[in-house]
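# Fold and geometry: a report
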Amino acid sequence: MTDAPRPYPGYDVLAKWDTPSWDAITREVVAHRLDRVPERRFFEPAEWETLAALCDTVLPQPDRERPIPLAPFVDAAMAEDRTTGTRWAALPTMREAWRRGLAAIDAEARAVYGRRFHALPADARESLLRAIDDEDVRAPEWRDLPPRRLFRHVLANEIVRIYYAHPDAWSEIGFGGPASPRGYVRLSANRRDAWEADLERPKRRSERRK
Amino acid sequence: MRPRVPSERSRRAVALTALASVGLVAGAAWVSRRRPPRRRPEGSRAARQVRQGAALLAGSVLADSTMEHYRGGFHNRTMFVAPVSSGLALVSALAPGMMTRRARQAVNAGAVGAGLAGHLFHLRNVLRRPGALSWESMFYAAPLGAPGAMTLAGLAGLAATRLETGQPRGAEALRAGRIGSLGTVAGLLGTTAEVALLHFRGAFHNPMMFAPVILPPLAALAVADAARRPDRARLRLARILLRATAAMGLAGAAFHAWGVHRNMGGWRNWRQNLQVAPPLPAPPSFTGVALAGLGAAHLLEEARR
Amino acid sequence: MTRGIPDVRATEGRAPDVFSRDGWVPMRSHRDGEDVDFAIVGTGAGGGVMAAKLAEAGFSVVAFDAGPFFRPLADFASEEREQDKLYWTDERISDGRDPIELGSNNSGRAVGGSTVHFQMVALRFRPEWFLARSALGYGRDWPVDWREMWRAYDEVEDALKIAGPVRYPWGPRRGRYPYRPHEVNASGLVLARGAEALGVGWAPCPIATLSAPRGRAPPCVYRGFCKIGCSTNAKQSILNTYIPRALAAGAEVRDLAMVARIETDASGRATGLHYHRGGEWRFQQTRNVVVAGYSIETPRLLLNSAGPAHRHGLANAEGLVGRELMVHVNDAVWGTMEDEIRWYKGPPSMAVTEHWNYEDRKDFHGGYAIMSQGPLPTDFATSMVGNLGAFGMDLRRRMAGYNHMAGLKIVGEVMPDPENRVTLSDETDALGLPVPRITFGYGENDRAIGRHARGFMSEMLRAAGATDLFETTGTAHLMGGCPMGFSPQDSVVDADGRAWSCDNLWICDGSVMPTGGGVNPSLTIMANSARIGHRIRALAARGELARAA
Ligand SMILES: Cc1cc2nc3c(=O)[nH]c(=O)nc-3n(C[C@H](O)[C@H](O)[C@H](O)COP(=O)(O)OP(=O)(O)OC[C@H]3O[C@@H](n4cnc5c(N)ncnc54)[C@H](O)[C@@H]3O)c2cc1C
Ligand code: SF4
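From a predicted model like this one, the values you see are computed outputs, not experimental measurements.

## A word on the side chain of Arg182(A)
By secondary structure assignment, the location of Arg182(A) is in the loop between helix H7 (167–173) and helix H8 (205–209). A polar contact of 3.1 Å, which involves the side chain of Arg182(A), links it to the side chain of Ser21(A). Beyond its immediate chain neighbours, meaning those up to four positions away, Arg182(A) contacts Lys16(A), Thr19(A), Pro20(A), Ser21(A), Trp195(A), Asn269(B), Arg271(B) and Gln272(B).

Structure representation (structure tokens):
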């Protein structure tokens, strides 16, 4: 595994919290996200272990002292039966797709490495997911579950949505974050508005893009 | 019971606009009527008015160019020239005692030059934008016409320095008055063109936005006519329309303040809205030109006697 | 997540004032048993326009929407996950060779419909497309003269105060857009540079957001969250344009009211609607029904409304309901710029080229428009997951380039195909209604458009200075499902939007579009609905319409 990208060290999108860039409802929604991390309600403890390891593989955060919580929000979405509105015909309902998907990943880990998924080192977890995405699977649990569809469009999709809805992720990528009622004035390239942080362009692009 | 429909260009607003415009002209006419008995010679009065005009123009340019170039992030060093040059011109007009006459002349000549150069810089900016000389660039690249206001400020400043030395009389006053009138006409029409472009960009969403594209050209016509044949009636008409234009410039600033309030977040979001809403300092440049025009009218008056 | 979806708001003689944080406007209300002239299902692009047109023509109107009645200033957060509340997220089954993404990709559920979260691109059809079959040799003809549609475009463009270029470079001359174009952002200028380098035209994109104040709505602040709901009201959605007009003209709007079935009598005429609101089933009597639930819910409702004279579903004698469902090819190319672009500033698509809609020297039918892009973080991240299978540090590194990214995306025409369709599955939803199944597969021409466009956009991006290009594929929008046509054998409704087999049933939404064109559909849907509104008014004037006592 390679290092985490840090194109904008020191940039914190939350610095704008008390400015006209943030309105009441946005503060309320984001505060809720930050302060009230939901408890496990939906998944069984064993499923939870796999889920947590899956989240950590889809978006590893070794660089963060306090990682963005992912698994709790997946669990909350399942508990609320919150869906994306698309049920791929090849897949069961969303809750079932998650349950069976986690079980299949765990089974795949056992089939390939003889250990449960969450017990694998990070690079093994990553290559296992790559194999699943390439539909190169052995466990019988995949029989009627299309691995790529399930992995990309259900599992990773939800985890990624949660990660990039978190202010720390906004800071990481240099996103300006909430902007209402105050938006932006300077729309041209390489110009920032006075109320935007100086993102400090990284010294060499190649470092960042590798 | 019929709920209120979201109001747009309401009849009331149109009526108000018409009323206000008529009011402006009538008010100016009334002010022109009860002029105090002339004690001071027309010439010094002209000098004072031209200097006031120069000050207003320079002040307007200072505020406007600072704001606009700030909006552009002062990404190019030359963008500091406009505020610095107009700032000096402002000082020379407001506190002539602080500079020698030569210095004042240099400062104002500098403003004229900076204004002319500004057109070129802005043209370069326009041409570099995709679409080059398209409407989109006219609206959103550096405004081609804007530096003209600085040229005007410089010219008015030069004229003021010129007039303070002595009272031109007779043929000399006529000549000076005509030159001043010419500058006024050019200033009024140029400023109108700039406003027309910007108000067109704003889709004339408020009927009041027509006022500054209608009144100043009328004033310019009257001034030109008076300069051609400076008889009493013509001069009076020119003065009335110039005064109305001057008042309109001040009223415009108030309208623009209202415009700031109408943007999202209103005055609370001033850091954004001062930049994107109609520019507060722009309309008074009409007042500046009109004042200078009144100065020219006095010179013509002087020549008539 | 905290605020979520509000409760029923439009009730007891008042409806939310969308220009306020907590205000109200009065609303005329009808009882269920009261006969009304028109009951409208859906208040989006089609239904919202219709509600205003009919109410303004003096008809009594009740418009139903399954979604809530939002007040943008108070209810819309600058946060993607919270704003999922705008979408139709009940699970619908997506099947076929190329199953399409639903939910946030193409379906809204709110008073105002999908226009509450649309990206405001407001383009007209090319005139020849209304005669696609006879003039251009593909697809179907519309039973409507293009000039009639162009007059209707004028009307809806003015109603939405579209901000567009002073001279639009393609197609026949049109009147001036009501508002001037916006300043094109850095992302749009990438498109412009690419277009100029390849020698094709470009223009500031005509969009439905204000470039100057209008009434109580301020101009756009370029915050860029348009796709998840505009919290300033600058965006001219149906919610803050036609809905206030409809209410002012005396229409009633019922939010959070899901219509399940249209009741018909033995003669086959519609008599009322069964709907679910406030936790109970109710029945609204009506003289006429207009359906505008969009291309999935409209066929679903008709198919679920079998009656004595409509054995296979309402207006489905020929088995055409739900067929010829279309999407748009939404393929894109992305690249990295040396410059910092920050594409989240401003509406997502501020520049457009319609070159390939108006150029006929090409080896495929139909056309496509290219637009500049500015996706929000999760939107962009999920498209990289779905298309590239990017995850792990690889994904985080790619996302770290967010501020330097630029992208071009098309809206590409898809040919109508009867096998692409909406049917009812055996499963039922929480209300006990059959869950729809959507079957979709691209045809060869559709694929050719995608290939051509991806190639051309790559050239454009490279010419504009982008490096590390990558492509994504996808679909956008829905059209068709209940096509409008020339006879009961080839279509579900006639040129007036009136069902061939039920003379007091109209359809006026995206589902009646016989072809999809190479532009975003909502302006065409609105124009068509306004046009149908005029036709209904004319029918009434001739006494050919049932009126309430
Ligand atoms: C993210 C996104 C971006 C878009 N961007 C653009 C764009 O830039 N330009 C453009 O032209 N188009 C765009 N579109 C497409 C455009 O929004 C739609 O094509 C258009 O709104 C469809 O109009 P409609 O009236 O057919 O349906 P909708 O506007 O979707 O309205 C249908 C309404 O009916 C309601 N409804 C459905 N069934 C029932 C029922 N049984 N009972 C009660 N109510 C019901 C729904 O709740 C919904 O509110 C975009 C769409 C999306 C999703
Ligand atoms: S960019 Fe403009 S239209 Fe989009 S959300 Fe912001 S204010 Fe609304």
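## Some details on the domain arrangement of chain B
All names here are of chain B. Domains assigned within chain B are domain 1 (43–167) and domain 2 (169–305). Inter-centroid distance (C-alpha atoms) of domain 1 to domain 2 is 16 Å. If you look at the interface, domain 1 gives 26 residues, while domain 2 gives 27 residues. Of the roughly 2400 Å² buried between domain 1 and domain 2 on both sides combined, carbon and sulfur atoms contribute 66%. Three residues stand out in domain 1 for area buried against domain 2, namely Gln49, Leu56 and Phe139, and they jointly supply 21% of the buried area on that side. In this assembly, domain 1 and domain 2 are joined by zero salt bridges.

## Let's talk about the site of ligand 1
Residue and element names in this part refer to chain C. Around ligand 1, a shell composed of 38 residues is seen, among which Gly46, Asp65, Ser114, Tyr294 and Ser522 lie nearest. A distance of 2.9 Å separates an oxygen atom of ligand 1 from a polar backbone atom of alanine 110. Relative to its free-state accessible area of 990 Å², ligand 1 is covered by the protein chains to the extent of 98%. The set of elements that each furnish at least two residues to the shell around ligand 1 consists of helix H1 (45–56), strand E8 (257–264), helix H7 (294–303) and helix H12 (522–541). Considering only residue class, the shell around ligand 1 consists of 16 nonpolar, 17 polar and five charged.

## Details of the site of ligand 2
For ligand 2, the set of nearby residues contains 13 residues, the closest of which are Cys220(C), Arg223(C), Gly224(C), Cys226(C) and Cys230(C). Looking at the shell around ligand 2, its residues break down into nine nonpolar, three polar and one charged.

## Points about the nonpolar core
Counting 244 residues, the largest nonpolar core has Leu54(A), Val58(A), Trp98(A), Tyr164(A), Phe69(C), Ile262(C) and Leu505(C) as its most contacted members. By residue number, the principal contributor to this core is helix H6 (residues 147–163) of chain A, which donates nine residues. For Val58(A), the contacting residues outside a window of four places in its chain are Leu129(A), Phe151(A), Ala156(A), Ile159(A), Val160(A), Phe391(C) and Gly392(C). Counting residues in hydrophobic clusters, the runner-up holds 50 residues, among them Ala153(B), Val289(B), Leu291(B) and Ala297(B).

## A look at the interface of chain A and chain C
Taken together, the 81 residues of chain A in the interface contact 71 residues of chain C. Carbon and sulfur atoms supply 53% of the area that chain A and chain C bury against each other, a total of about 6600 Å² over both sides. When the area that chain A buries against chain C is broken down by residue, the three leading residues are Ile25(A), Arg87(A) and Leu187(A), summing to 11%. On inspection of chain A and its partner chain C, the count reaches ten salt bridges. A salt bridge links Glu427(C) to Arg87(A); its shortest N-O distance comes to 2.6 Å. Remark: the boundary between chain A and chain C carries 36 residue pairs in polar contact (both at pLDDT 80 or more).

Cut-offs and rules
- Residues numbered from 1 in each chain as written.
- Chains lettered and ligands numbered in written order.
- Predicted model: local features only at pLDDT ≥ 70, side-chain atom pairs only at ≥ 80, totals over all residues.
- Heavy atoms only, no water.
- Helix = DSSP H or I, 4+ residues; strand = E, 2+ residues; numbered from the N terminus.
- Polar contact = N/O pair within 3.5 Å; in protein donor to acceptor, adjacent residues only side chain to side chain.
- Contact = heavy atoms within 4.5 Å.
- Domains from an automatic or database assignment.
- Buried area = accessible area lost by both parts, 1.4 Å probe.
- Salt bridge = Lys/Arg side-chain N within 4 Å of Asp/Glu carboxyl O.
- Near = heavy atom within 4 Å.
- Areas by Shrake-Rupley, 256 points an atom, 1.4 Å probe, with all protein chains shown as cover.
- Nonpolar A, V, L, I, M, F, W, Y, C, P; charged D, E, K, R; others polar.
- Core = buried A, V, L, I, M, F, W, Y, C linked by side-chain atoms within 4.5 Å.
- Buried < 20%, exposed > 50% of the residue type's maximum accessible area, 1.4 Å probe, protein only.

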